[in-house]
2 protein chains.
Amino acid sequence: MSSEPSPAASPESSTGLLDRARREYEALAARGLKLDLTRGKPAPEQLDLSEELLSLPGRHPAVTDGVDLRNYGGLHGLPELREIFAEVLQVPAGQLLAAGNSSLELMHDCLVHALLSVLPGAGSRWADEDRIAFLCPVPGYDRHFALCERFGIEMIPVPMTPAGPDMDVVERLVAEDPAVRGIWCVPKYSNPDGVSYSDDTVARLARMETAAGDFRIFWDNAYAAHHLTDAPVEIADLLAACAASGHPDRAFVFGSTSKITLAGAGVGFFGASRANVDWLTANNSKRSIGPDKINQLRHLLFLRDADGVRTHMERQRALLRPKFAAVQRILDRELGTTGLATWTSPEGGYFVTLTVPDGCAGAVVRHAAEAGVVLTPAGATHPYGDDPRDATIRIAPSYPSLPELEQAMLGLTVCVRLAGYQKLLAG
Amino acid sequence: MSSEPSPAASPESSTGLLDRARREYEALAARGLKLDLTRGKPAPEQLDLSEELLSLPGRHPAVTDGVDLRNYGGLHGLPELREIFAEVLQVPAGQLLAAGNSSLELMHDCLVHALLSVLPGAGSRWADEDRIAFLCPVPGYDRHFALCERFGIEMIPVPMTPAGPDMDVVERLVAEDPAVRGIWCVPKYSNPDGVSYSDDTVARLARMETAAGDFRIFWDNAYAAHHLTDAPVEIADLLAACAASGHPDRAFVFGSTSKITLAGAGVGFFGASRANVDWLTANNSKRSIGPDKINQLRHLLFLRDADGVRTHMERQRALLRPKFAAVQRILDRELGTTGLATWTSPEGGYFVTLTVPDGCAGAVVRHAAEAGVVLTPAGATHPYGDDPRDATIRIAPSYPSLPELEQAMLGLTVCVRLAGYQKLLAG
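Since we're looking at a predicted model, the values are computed, not measured.

Student: How do you make sense of the overall build of chain A when you look at a structure like this?
Tutor: Looking only at helices and strands, chain A features 13 helices and 15 strands. The C-alpha radius of gyration computed for chain A amounts to 23 Å, which stays within 12% of the reference 22 Å derived for 427 residues, consistent with globular compactness. For chain A, with 427 residues in total, the buried portion stands at 63%. Put simply, 78% of the contacts in chain A that link residues at least 6 apart link residues at least 24 apart.

Student: Which parts of the structure should I look at to understand the packing of helix α3 (residues 79–89) of chain A against helix α10 (residues 293–303) of chain A?
Tutor: What describes two packed helices is the angle between their axes and the distance between those same axes. All names here are of chain A. Between α3 and α10, whose axes approach to 9 Å, the crossing angle comes to 55 degrees. Judged by the inter-axis angle, α3 sits oblique to α10. Seen along the crossing, α3 lies across α10 with a hand that is left-handed. Every residue of α10 that contacts α3 at Glu 80, Leu 81, Ile 84 and Phe 85 is listed here: Gln 296, His 299, Leu 300 and Leu 303.

Student: Sorry, what's going on with the interface of chain B and chain A here?
Tutor: The accessible area lost on association of the parts is a frequent measure of interface size. Contacts between the two partners involve 54 residues from chain B, matched on the other side by 55 residues from chain A. When chain B packs against chain A, the two sides together hide about 4600 Å² of surface, and 51% of this comes from carbon and sulfur. Considering only the side of chain B, the residues that lose the most area to chain A are Arg70(B), Tyr72(B) and Arg287(B), jointly responsible for 18% of the buried surface there. If you look at where chain B meets chain A, you find eight salt bridges. For Arg287(B), the salt bridge is made with Asp109(A), and the minimal N-O distance between the two is 2.8 Å.

Student: Is there a simple way to explain the environment of Asp200(B) in this structure?
Tutor: Residues and elements named next belong to chain B. Structurally, the position occupied by Asp 200 is in helix α7 (residues 199–207). The partly exposed category is assigned to Asp 200, whose relative accessible area is 45%. Taking the C-alpha atoms as reference points, Asp 200 and Gly 164, 36 residues apart in sequence, are found 9.5 Å from one another.

Student: Just checking my understanding: could you explain the state of the cysteines for this structure?
Tutor: Each disulfide consists of one covalent bond between the sulfur atoms belonging to two cysteines. Applying the stated criterion across every chain yields a total of zero disulfides over all chains. Left unpaired, Cys110(A) is separated from the closest cysteine sulfur, that of Cys148(A), by 13 Å. Using a relative accessible area of 0% as the deciding quantity, one classes Cys110(A) as buried. The thiol sulfur of Cys136(B) is not disulfide-bonded, and the nearest other cysteine sulfur, from Cys148(B), lies at 5.1 Å.

Student: What's the story with the relation of the copies chain B and chain A in this structure? I'm lost.
Tutor: Between the two copies of the chain lies a rotation about an axis combined with a shift along it. Each copy superposes on the other: chain B lies on chain A with an RMSD of 0.0 Å after a rotation of 180 degrees and an axial shift of 0.0 Å. Seen this way, the second copy is the image of the first under a two-fold rotation axis. Of the C-alpha atoms belonging to chain B, the one lying closest to the rotation axis is found on Ser55(B), 2.2 Å away. By residue overlap, the copies meet face to face through one surface: 100% of the interface positions of chain B are interface positions in chain A.

Student: Looking at this model, I keep getting lost on helix α7 (residues 199–207) of chain A. Mind explaining?
Tutor: In an α-helix, one turn spans 3.6 residues; hence positions three or four apart end up facing the same way. Residues Thr201(A), Val202(A), Arg204(A), Leu205(A) and Ala206(A) constitute the buried set of α7(A). Buried residues belonging to α7(A) abut β7 (164–165), α6 (167–176), β8 (180–185), β9 (216–220) and α8 (238–244) of chain A.

Student: Mind showing me how you'd approach the domain arrangement of chain A here?
Tutor: Residues and elements named next belong to chain A. What the domain assignment lists for chain A is domain 1 (11–46 + 310–426) and domain 2 (61–304). Between the C-alpha centres of domain 1 and domain 2 the distance comes to 30 Å. The three residues of domain 1 that bury the most area against domain 2 are Met 313, Glu 347 and Tyr 384, which together make up 24% of that side's buried surface. Between domain 1 and domain 2 we count four salt bridges in total.

Student: Could you clarify how one ought to interpret the confidence of the model for chain A in this entry?
Tutor: Reading predicted coordinates in detail is not appropriate for stretches of low pLDDT. Across chain A, the average pLDDT comes to 96, with 100% of residues at 70 or higher. Here the predicted complex scores 0.97 on pTM and 0.97 on ipTM.

Student: Sorry, what's going on with the sheet that holds strand β15 (residues 392–395) of chain B here?
Tutor: Picture the strands of a sheet paired through backbone hydrogen bonds; they go either parallel or antiparallel. Residue and element names in this part refer to chain B. Read from one edge of the open sheet, three strands run β12-β13-β15, paired in antiparallel fashion. The two strands at the open ends of the sheet, each matched to only one other strand, are β12 (342–343) and β15. As defined by bridge partners, β12 adjoins strand β13 (residues 352–355) across two bridges and the pair is classed as antiparallel. Within β13, the residue paired with Thr 342 across the bridge is Thr 355.

About the thresholds
Residues numbered from 1 in each chain as written. Chains lettered and ligands numbered in written order. Predicted model: local features only at pLDDT ≥ 70, side-chain atom pairs only at ≥ 80, totals over all residues. Heavy atoms only, no water. Helix = DSSP H or I, 4+ residues; strand = E, 2+ residues; numbered from the N terminus. Rg over C-alpha atoms; globule rule 2.2 N^0.38 Å. Buried < 20%, exposed > 50% of the residue type's maximum accessible area, 1.4 Å probe, protein only. Contact = heavy atoms within 4.5 Å. Axes fitted to C-alpha atoms, helices over the stretch in contact; angles between N-to-C directions. Parallel < 35°, antiparallel > 145°, perpendicular 65-115°, else oblique. Left-handed = near helix turned anticlockwise from the far one by under 90°. Buried area = accessible area lost by both parts, 1.4 Å probe. Salt bridge = Lys/Arg side-chain N within 4 Å of Asp/Glu carboxyl O. Disulfide = S-S within 2.5 Å. Least-squares fit on C-alpha atoms with pLDDT ≥ 70 in both. Domains from an automatic or database assignment. pLDDT = per-residue confidence, 0-100. Pairing = 2+ DSSP bridges.

Okay, structure coming up:
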C-alpha cells in the first residue's frame, strides 16, 4: 500500500519545475527508447536458472509406482510433486491437484464449471442465475478481472488496506448480497501492491457469514515462494481456517511454478476441500485424459523437495533484488522530494505500485508511451479498466535488464513530474 | 463396418455347442486372468519410440525468431510445428493452433466457449438456448458423447455406413431441426468401426443446408497418420470443401500427437476458418498466457517435418500390425464358422468393432469381466451408453502385449459362443 501523494511545490513555484520537466521530457523523447515495463515476466537470466529442466527426465525411467507417466491417465497429477507443493501452498497433498502449465487456466475452468455444473453447496448452475458478482480488492490483477468480464460476472471493487482487503466492507457485502459468490485474492505479495494478508484478515475471510451458500475465495497464491527480503512473509493457512470455521468448501487455492521455473512450461496447482477437488476432478475427467505428467516428473527431478524450491527461489531473488532496489533508488532520488508520488516497497512478488496525483495516471502512461517506455495501461489494476481516481500505475521490474530498467524508471519519473506539475498548474 | 451376424447352428444343434462353450468358459475363468482391452492406449513399446523426446530440447536454444519459448506468450503455438501438422491435418498452418497435451481439451473448450460466448454465425450463446442437439454417428467415441451429456447437449444417433454417417439422415436432420448445432465425426479409421469417410460424404457434409446458422462439424481427425496397411487412406479436405461450398466456418478440425509420440505428453491441434481461429484465440487469451511451447519445440526437434511423422508412424505400424493381425486370426479361427459374430478389419486407427447377435453384447462383456478380461462397457459406443440392439463391442488391441492380447481374444471368443448359444437356445 502506498499513501497519498502530497505535492511539495506551490502552484507558483511549479512553473519553473514544469519547464524543467518539459525540457527533460523532450530530451527523453529524443532518445528513441524502446522499453517495456508492462508485464510480470521473468527475465531470460531467471529462466536460465532452470536450464536443467530442458534435458529432463532424460534416461530416468518415466514410470513411478507402476504408472507409466508417458501414457494417458493420472488426473490428479504426480503424487511426489504434489507433496512438494503441499508445503509451499499450504494444502495437504491429498487435496492438491497438479495440472497443466498455468494456474490461470485452472481459475478459468473453475469459473466455467461453476457456471455450467453445480458447485458443492450451490442450488443451481451460475449460468442459470440472473446475476453473479465477485468482490475485487483494488488495486488488483487485470487477468482476474478479464475472466469476470468475459463471463459476465459483475465486479464490485473493495479497497485494499495494508492488511489485505478492507474486511469491514467485505463482510458487509457478502452478508447482504446473495449474488456475491466469490472474491479474488492474491494473499501474499499481492499483485500489484505487494500487500500480504494479515492473520486476522485470513481468519475473518474464513469465518464470515455469506448470504450465498456457495461462496468461494479464489486464493491466487501466485507469489507463495517469491520473497525479496531475508525475512520471508508467512501467511495464515486459509484452507485450514475455512475448515475450522465450518466453511470447508470456501477456499479454492491456486499456485504454479510459472515464476519459479519456466513461465510458459511450468506446472499449475489447485487445492481445496475433498468435495471441491472431487468436483473439479469429475468435471476435468470429461475434458482430459490427464495432465502432462512428464513435465511434472521433470519438475520433481529438478526441484527435488520443498527445500529445493527454497534454494531455487534464493537464486531468483539474487536476480530480482537489484532490480527492485533500482526502482526504489530512482523513485526516491527523482521523486522523493516532489511529493508528486508515493510507491510501495514490496517484500516479495513482482510489482511496485506507484500512486500519482488523482487524474494523472493516464497522462503519465501516455507520456511514457510516446517517449518509448511502455507501462501497464492506467486503470488495468481496477475492474473494467476503470481506476476512478486515475492514480495507480503498476511497475513490473523483472523483465528488462538492469540498465534498461534504470533508463525506463528515469523516463517514468520525468513523465510523473511532467503530468504532476501540469496538473498542479491547471489547478 | 461389420455386417449382421447370422448364426450357423440350428437351435437343436446348439445344445452341444453351448455345453462345449460352458466347459471352455469354466476353464477360462479358472485361469484367473487379468487382462484389459478397454482403452485405446499405446503400449509401452510404442512410447519407447519417442524416448528421444525425454531429453529434448537439451542444449538447443529455446529461442526462435526472437521469441523465448520458455517464457509466457505465443497463444497460437510454435509456427514450425504448425507447419508440420498443417500437412498431416489438411489445415493451412496460418489457420492451425498448436496447444496443450490433448485435443479432447480443445473439443471441450470449443463447446464451453460456444455455450458461454457467441460463435461466429450464431445469434446467441448456446447456454441461452432451450435446446442444443448434436448428431452422433453410431457406433462412435464415448468421450465425445460424455462431453455432450456433461453439458446437457441432446444426442441424436445417426447410423454409420461403410462411407461414413448415413448422409440422407444427416441432411434431413440438419435441414429440419434448428436445434441441431453440430455433428461428431472421426473421419479416418473411425473410432470404433474403422470407417473412413468417402469423398462424397465429405462433400455432402460441406455443402448441406442447415437450419442452424452456426452449425459445426467437430472433425476429430485423431487417426490422420495412423495407417495399418501399405496403402494409406486419404480423405477429402473438409476445411477446403466447406469454404468452397460457402460454409467456411462450418469445420472445427482437431488432431493431436497423443498416439504419435507420448499419449500423456503430446501436442493438440485445432484448425478452422480464420474467423473461428480468431474466436477461439480470443477466448483462450482470457484463459491462458500461452501453451507449453517447450513441449512443442521438443516435438519439432524430434519429428522434424511431415516426412518425419510418416517415418515415425511406420515404426508405430510395425508394432501395431501384429496385434491387429492376431485379433483377425483368432476371431476367424474361433468364430468364423459359427455365424455368431462379424467384425471389422480396419486399415488404420486403434479399434476393431465386434458385432454379436442382438441382446448379447452386455452378456459377453459381463462374462468376460467375470473371467478376468475387461472390455469397454457394452453400450459405450452409443449416446447415453445405450446401444439399442445391445450388439456392439469395441476391441482395443494396442495396449496388451501380443501374448496377453491372444489370451484375451481367445477368452473373448469363448464368451461370445457362450452368450450366443445361450441366446439361440433361449429362442
